[in-house]
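Chain by chain, the residues run as shown.
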Amino acid sequence: MKRIVSIQDISDIGKCSLTVALPVISAMGVECAVLPTAVLSAHSQFEGFRFHDLTDEMQPAAEHWKELGIGFDAIYTGYLGSYRQVDIVSGFFRDFGSGAKIIVDPAMADNGVLYAGFDAGFPGKMAELCRGADLILPNVTEACFMLGEEYREEYDRAYIRGLLQGLAGLGAKKSAVTGVSFDKDKLGVVAYDSETGEYFSRFGERFPAIFHGTGDIFASAVTGAIMNGLSVNDALSLAVDYTLECIRMTVKDPRHNWYGVNFEQAIPYLIKRLSAVSAGAAYL
Ligand code: PXL
């Protein structure tokens, strides 16, 4: 059985970061160890959220794991609360990264704005972490901010390809920009492999609303799928389809909340699709 470690916060209320990574990756048959970076009373889109920093607990845990000889098949990082945490995670990649796939979701911004609590220099710091990654999963805003590019609401294929070239320049082997839309009815991901020079994209139905936590759902599903032996492109496709199914479930639920999507109700869909692809079905 594969074991990964996910490094990000735990938001008590909010259906994001570790409260998504744990159930999604576990449901995909992969052990999900955690290195929590902070505990928040609720995610940072909530007014008045409380933030308890866990930076000082990270290194002692990593040292203990070294003593135990624990290793990981993948390291998946998400929201990191400070510059110092980025340095600690870079050190973690050095200590635990050999033989592990490194997947970085630079979760820090969306819809053209940084999450509460980050200053304008933080994306540049997060970009340092991308250097050592096998796969990075920024949304359009995060990609722009890390590259110092102008954020646009409307763009064409050349703009997204330009972002992907810039991300490759940061040093990541593969980059996938999420939340891309070239057409008002379609939403998905465009990826670039810096080793082969190939692009890949996957789109699905676009719903006319903003949903929180979908980046974390997407990144967790990608990580779980790669650990199940799917190619990166198949993993991206599965994650797009699952994320859109989560949104579909949310829209169908008249009592859905504003702060997250009904990802739990779409887990059977995820597992069904994963089983079919793992059994050798071509990904359509
Ligand atoms: O889903 C991204 C995310 C993760 N962690 C925290 C957040 C957010 C988005 O707002 O606030 C704490």
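Residues numbered from 1 in each chain as written. Predicted model: local features only at pLDDT ≥ 70, side-chain atom pairs only at ≥ 80, totals over all residues. Heavy atoms only, no water.

Trainee: I keep staring at the packing of aromatic side chains and nothing clicks. Help me out?
Mentor: Each pair of aromatic rings is reported with the distance of its centres and the angle of its planes. By the definition in use, this model includes 16 aromatic pairs. Note on tryptophan 65 and phenylalanine 96: the rings are 6.4 Å apart at their centroids and 80 degrees apart in plane angle, and the pair reads as edge-to-face. With a gap of 31 residues between them, tryptophan 65 in helix H2 (residues 55-68) and phenylalanine 96 in helix H3 (residues 83-96) connect regions that are remote in the sequence. Plain terms: the ring middles of phenylalanine 118 and phenylalanine 122 are 4.4 Å apart, the flat faces sit at 10 degrees to each other, and that makes the pair stacked. As far as burial versus exposure is concerned, phenylalanine 118 and phenylalanine 122 are alike and both buried. Members of the aromatic cluster, connected to one another through ring pairs, are Trp65, Phe72, Phe92 and Phe96. Positioned over the ring face of tyrosine 199 is arginine 161, at 3.9 Å from the centre of the ring. (Phe/Tyr/Trp six-rings, centres within 6.5 Å; stacked < 30°, edge-to-face > 60°. Helix = DSSP H or I, 4+ residues; strand = E, 2+ residues; numbered from the N terminus. Buried < 20%, exposed > 50% of the residue type's maximum accessible area, 1.4 Å probe, protein only. Lys NZ or Arg CZ within 6 Å of the ring centre and 35° of its normal.)

Trainee: Help me out: how do you make sense of the packing of H2 against H3 in this one?
Mentor: Packed helices, taken two at a time, are described by the angle between their axes plus the distance between the axes. Orientation of H2 relative to H3, taken along the N-to-C sense of each, is 10 degrees, at an axis distance of 10 Å. What the angle tells us is that H2 and H3 run roughly parallel. Contacts between H2 and H3 involve Thr55, Asp56, Met58, Gln59, Ala62, Trp65 and Lys66 from the first element and Arg84, Gln85, Ile88, Val89, Phe92, Asp95 and Phe96 from the second. Within the contact of H2 with H3, the residues separate by chemical class into seven nonpolar, three polar and four charged. (Axes fitted to C-alpha atoms, helices over the stretch in contact; angles between N-to-C directions. Parallel < 35°, antiparallel > 145°, perpendicular 65-115°, else oblique. Contact = heavy atoms within 4.5 Å. Nonpolar A, V, L, I, M, F, W, Y, C, P; charged D, E, K, R; others polar.)

Trainee: Teacher, can you tell me more about the pairing of strand E2 (residues 31-42) here?
Mentor: Note on strand geometry: in a regular strand, side chains alternate between the two faces of the sheet. Alignment of strand E1 (residues 3-13) against E2, held across nine bridges, turns out to be parallel. Following the sheet pairing, valine 5 is matched in E2 by alanine 33. A crossover connection joins E1 to the parallel E2 through helix H1 (residues 18-27); in handedness this β-α-β unit is right-handed. (Pairing = 2+ DSSP bridges. Right-handed = clockwise from strand over helix to strand, strands pointing away.)

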